[in-house]
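Examination of the molecular architecture
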Amino acid sequence: MRNQRTDVLIALAALSGIVGGTYGGLSWSGPFERPLDTTGLALITVSSLALAFRRRTPMIVGVVTVACGIAYYAGRYPGVFAAAPALTAIYTASTLGRRRLAVSLAVVLAVGVYGLIALSDSDPEPGDGFNLLSGWLVAMVVIGEVVRNRRASVREVERRAAEAERTREEAALRRAGEERLWIAQELHDTLTHSISVINVQVAVALELLDRKPERAREALVAIKDSGHEAMRELRATLGVLRQVEPDGPETGLARLPTLVARAEAAGLPVRSAVVGVPRELPPDVDRAAYRIVQEAFTNVLRHAGRASITLTLEYHPVMIVVRVEDDGESGTGTVEHGMGLIGMRERAVAVGGSLTAGPRDRHGFAVRAELPLAGQL
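Notes on the structure follow.

**A short note on the packing of helix H1 (residues 2-23) against helix H2 (residues 38-49)**
Closest axis-to-axis distance for the H1/H2 pair is 8 Å, and the angle between their directions is 150 degrees. Here H1 lies roughly antiparallel to H2, going by the angle between them. Regarding H1 and H2, the two cross each other, and that crossing is right-handed. Residue-level contacts link Ala-11, Leu-12, Ala-14, Leu-15, Ile-18, Val-19, Thr-22 and Tyr-23 of H1 to Leu-41, Ile-44, Thr-45, Ser-48 and Leu-49 of H2. Across the contact of H1 with H2, the residue classes break down as 10 nonpolar, three polar and no charged.

Here it is as structure tokens:
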């Protein structure tokens, strides 16, 4: 609608300017001009008002304006302004990418006007405005092409800017989703393990409180230690979120002895074995390996009943293999349907590795994680 209103205003301005300039004698088209009459005025009016539709129907508008211009000069009406609507139509066709139409209209107008001059009884004089018509025709086609290319460039720049903005928004949403997943994993691993240990120790303490108070005291001490460990890991997680240094060492396989001691205090005997030569692991792999072992211990504690754990770390040239096996009686139960295995798989996949889990041949459950040491397997 805005373009249409603009075209209407251009048409009215062209009509006013051509009529005013012609009656005012501001241009000259040759020595044999005759006064502007109703027919000449009608030709100017039709060609000027046709510009109101120049973008909607460029071919029809071009044909009408060129035809009116040739007819106007064939009638020897005064002034060169009558060619302005045709020049505008040629420019419009060029800006719309209708190059062939623009060139055709320019050629027809030039042939028509210069044909009339050739058939005239007198040659054009130096002051004749038609001496510049050919230059204006070429200029309209060229300027139209330049404007079209510039508009196309601006649209491409705007498109790229919009695409870049959309990409940034998608990247921000993806990062936010990854951060939420990381927070959920950290809180799940930390709280689930600590609370599971605390629950087991509370049950032991309640059972031994009357019969063996000294054993109950040991359970209460283990509960206190588990609470301190949970608080330490929560502070470490919050420290990362606040981008400050967390308290204590980073979570990694170096903290396995503490994890094993807590599991044994909760009544889970742990046999540990290391195959190969231990080496320093990339931080993300080190953290993922520790969290997988922690979650596996938690699942045994919650679902396997009275069981023992076998923890094996295998150091290979390109990867580390983490295996956690138990000999419990209910290892195939609710573990398959919980979030623990999902979280362990997510951690393994996040560092380019893989994780398999399932019942052992006779009793218990086994978890095997293969984590690459250099980004991917």
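More follows now that the structure is in view.
**Observations concerning helix H8 (residues 256-265)**
Within the span of H8, buried status applies to Leu-256, Leu-259, Val-260, Arg-262 and Ala-263. Projected onto a plane normal to the axis of H8, the buried residues spread over an arc of 160 degrees and lie on a single side. Phi turns positive one or two residues past the end of H8, at Gly-267, with a value near 95 degrees.

**Let's talk about the environment of Arg-306**
When you line up the elements, Arg-306 lands in the loop between helix H9 (283-303) and strand S2 (309-315). Overall, Arg-306 belongs to the exposed group, its relative accessible area being 83%. Separated by 22 residues in the primary sequence, Arg-306 and Gly-328 have C-alpha atoms spaced 6.2 Å apart.

**A few points about the packing of helix H3 (residues 58-74) against helix H4 (residues 84-95)**
Put simply, H3 and H4 touch, their axes get as near as 8 Å, and they point 155 degrees apart. What the angle tells us is that H3 and H4 run roughly antiparallel. Our pair here, H3 against H4, has a crossing hand that is left-handed. Residues Val-61, Gly-62, Thr-65 and Val-66 of H3 form the contact with H4, whose participating residues are Pro-85, Ala-86 and Ala-89. Partitioning the contact of H3 with H4 into residue classes produces five nonpolar, two polar and no charged.

**Comments concerning the nonpolar core**
In terms of nonpolar packing, the biggest core is built from 38 residues, with Leu-253, Phe-297, Ile-320, Val-322 and Leu-371 touching the most fellow members. If you list the elements that add at least two residues to this core, you get H8, H9, S2, strand S3 (319-326), helix H10 (340-350) and strand S5 (365-372). Broken down by element, the residue count for this core peaks at 10 residues, all from H9.

The rules behind each value
- Residues numbered from 1 in each chain as written.
- Predicted model: local features only at pLDDT ≥ 70, side-chain atom pairs only at ≥ 80, totals over all residues.
- Heavy atoms only, no water.
- Axes fitted to C-alpha atoms, helices over the stretch in contact; angles between N-to-C directions.
- Helix = DSSP H or I, 4+ residues; strand = E, 2+ residues; numbered from the N terminus.
- Parallel < 35°, antiparallel > 145°, perpendicular 65-115°, else oblique.
- Left-handed = near helix turned anticlockwise from the far one by under 90°.
- Contact = heavy atoms within 4.5 Å.
- Nonpolar A, V, L, I, M, F, W, Y, C, P; charged D, E, K, R; others polar.
- Buried < 20%, exposed > 50% of the residue type's maximum accessible area, 1.4 Å probe, protein only.
- Arc of directions from axis to C-beta.
- Core = buried A, V, L, I, M, F, W, Y, C linked by side-chain atoms within 4.5 Å.

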